[in-house]
Amino acid sequence: MTTLDRVGALSVNGFDGSSSAGLSAHTRELVDRRRRVLGPAYHLMYETPLELVRGEGVYVYDADGTRYLDMYNNVASVGHCHPRVVEAVTGQMSLINTHTRYLHEAVIGYAEDLVGTFPDGLCTAMFTCTGSEANDLALRIARHATGRQGIIVTESAYHGGTVDVAACSPSMGPASVSDAAWVRTVSAPDSYRVDGDLGTWFAEKVQEQIDDLVCSGVGFAALMVDSIFASDGILPEPTPFVKPAADVVHAAGGLLIADEVQPGFGRLGASMWGFERHGLQPDIVTMGKPMGNGMPIAGLVMQGSLAELFGRDLRYFNTFGGNPVTIAAAQAVLDVIRDDGLVANSASMGTRMLAGLREAADRVDSVGDIRGAGLFVGVEFIGPAGEPDPAEALRVVNAMKERGVLISATGSYGNTLKIRPPLTIEAADVDLFLEQFARVVD
Ligand code: PMP
């Protein structure tokens, strides 16, 4: 891989199924059966795939009973099998599960509670099952409101898997975006690689693409950004670097869609939503993953006027989106985040983790940068000339797994560790992670 080679359609930390080396007979059999019946598009993680059968808090257990510290799973954000979520889901499931075409107190109550966590103006919620559907609906709403088609995303963005949203996900490889004349990409605002004022730099890149969309006749509808730029390599600082780009977007009559599927629900420590760190007022916010702690619930919160306009001309129905069982899970998640002070815990445990990582990295040359916000942390590996070193990142990911700690890798070059434990993590678990990290990189 040369300095500028980017990750293609293959997963950064994907299992290479071409060899059975190191696999038990049982794992090999499952891998082969899975490949036969599920096909090649699904990828497994790690050099030797994991078969997880149970989880509790920040720990997961494989079929042999081996325990792993889960430093990766931002879906089970209030911890695996949190008793309040389990109780809420099973309680509602044993009463009734319907859909949004009936009145249901809990669905309305949750929507009210959720919009109450947003700044004024972001006051209407809609529910889906997946982050992809939420982003897809966000595109429809933005296009309907502006009457234009063009969407701008970052160069290694991931926004989901529907036809339109996959076209907005260059991290899935060139085949994902190649046919879409309405997508434009901008370089990621990477403070490790870009000198000077990052906000101005990013706004200029966005403006260039707006101009291009206008010139080509497609027109500009929206900029869609993940507020932590997770698949671009985890880019948290220096805030508020997205703000000038947001201003450029609004000046051009476009909308700002903040994809909070990764950073939302308190993960970044400073606040409930990642865009707040950038002092932004998005027009549409999408969310998913941690929203139901594993139950399939996702959604959007948007400016009331956008929802009015869309609902005036179009209808929306999602059979499973926002059903009472997944809403019960989502309400329990929101309650736990607030009752257990998890946003503050994310901030303090994140600070502890960054300090420990920096101490360990001081002793080695292979770590180029350590960055994070709350419990979303990236560690970037470089070679002797400062070039991205994805092989070292992958070695560390797999060595950590062998030591009972789960993480993965991300970024345009696949050389950045992605560390996102449940928000409930405690100091002893952070220290266990740091101890193993220090051994693996030393
Ligand atoms: N947006 C972002 C930033 C994501 O990371 C993901 C999932 N990785 C999605 C959207 C899509 O969510 P889902 O897999 O629930 O469709």
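Here, the structure is the one placed above.
All of these numbers come straight from a predicted model, not from anything done at the bench. (Residues numbered from 1 in each chain as written. Predicted model: local features only at pLDDT ≥ 70, side-chain atom pairs only at ≥ 80, totals over all residues. Heavy atoms only, no water.)

A. Looking closely at helix H7 (residues 198-215). Counted at 1.5 Å a residue, the expected span for H7 with its 18 residues is 26 Å, and the 26 Å between its end C-alpha atoms agrees. Along H7, the residues that are buried comprise Leu198, Gly199, Phe202, Ala203, Val206, Gln209, Ile210 and Leu213. Projection of H7 onto a plane perpendicular to its axis shows the buried side chains occupying an angular sector of 130 degrees, all on one side. N-cap assignment for H7: the residue whose side-chain oxygen lies 3.0 Å from the backbone N of Gly199 is Asp197. Downstream of H7 by one or two residues, Gly217 has phi in the positive range, about 90 degrees. (Helix = DSSP H or I, 4+ residues; strand = E, 2+ residues; numbered from the N terminus. Expected span 1.5 Å × (residues − 1). Buried < 20%, exposed > 50% of the residue type's maximum accessible area, 1.4 Å probe, protein only. Arc of directions from axis to C-beta. Polar contact = N/O pair within 3.5 Å; in protein donor to acceptor, adjacent residues only side chain to side chain.)

B. A look at unusual backbone geometry. Omega for the bond connecting Glu237 with Pro238 falls within 30 degrees of zero, at -5 degrees, which places this linkage in the cis form. With respect to the helices and strands, the residue Pro238 is situated in the loop between strand S7 (220-226) and helix H8 (243-251). The omega torsion of the bond from Thr239 to Pro240 falls at 0 degrees, within 30 degrees of zero and hence cis. Not every positive phi belongs to a glycine, and Ile234 is a case in point at roughly 65 degrees. Checked against the element boundaries, Ile234 lands in the loop between S7 and H8.

C. Focus on the site of the ligand. Every residue close to the ligand is listed here: Thr130, Gly131, Ser132, Asn135, Tyr158, His159, Gly160, Asp226, Asp259, Val261, Gln262 and Lys289. For the ligand, a nitrogen atom lies 3.2 Å from a polar atom in the side chain of Lys289. When isolated, the ligand has an accessible area of 390 Å², and the protein chains bury 81% of it. With three residues, the single largest contributor to the shell around the ligand is helix H4 (residues 131-146). Tallied by class, residues from the shell around the ligand come to two nonpolar, seven polar and three charged. (Near = heavy atom within 4 Å. Areas by Shrake-Rupley, 256 points an atom, 1.4 Å probe, with all protein chains shown as cover. Nonpolar A, V, L, I, M, F, W, Y, C, P; charged D, E, K, R; others polar.)

D. The arrangement of the environment of Leu406 in detail. Counting through the fold element by element, Leu406 comes out in strand S13 (residues 405-406). In the structure, Leu406 is positioned 346 residues away from Val60 in sequence and 9.4 Å away in space, judged by C-alpha atoms. Once you skip the residues sitting within four places of it in the chain, Leu406 turns out to touch Tyr46, Leu50, Val60, Tyr68, Leu69, Asp70, Met71, Tyr72 and Lys401. (Contact = heavy atoms within 4.5 Å.)

E. Highlighting the packing of aromatic side chains. Going through the model one piece at a time under the given rule, you end up with seven aromatic pairs. For the ring pair Phe118 and Trp273, a centre distance of 4.5 Å and an interplane angle of 20 degrees mean the geometry is stacked. Of this pair, Phe118 sits in the loop between helix H3 (105-115) and strand S4 (122-128) while Trp273 is found in the loop between strand S8 (255-259) and strand S9 (284-287), placing the two residues 155 residues apart along the sequence. We note that Phe118, like Trp273, is buried. Through a chain of ring-to-ring contacts, three or more aromatic side chains come together here, namely Phe118, Phe265, Trp273 and Phe275. Over the face of the ring belonging to Phe317 we find Arg101, whose NZ or CZ atom lies 3.9 Å from the ring centre. Residue placement shows Arg143 over the ring face of Trp182; its charged tip is 4.2 Å from the ring centre. (Phe/Tyr/Trp six-rings, centres within 6.5 Å; stacked < 30°, edge-to-face > 60°. Lys NZ or Arg CZ within 6 Å of the ring centre and 35° of its normal.)

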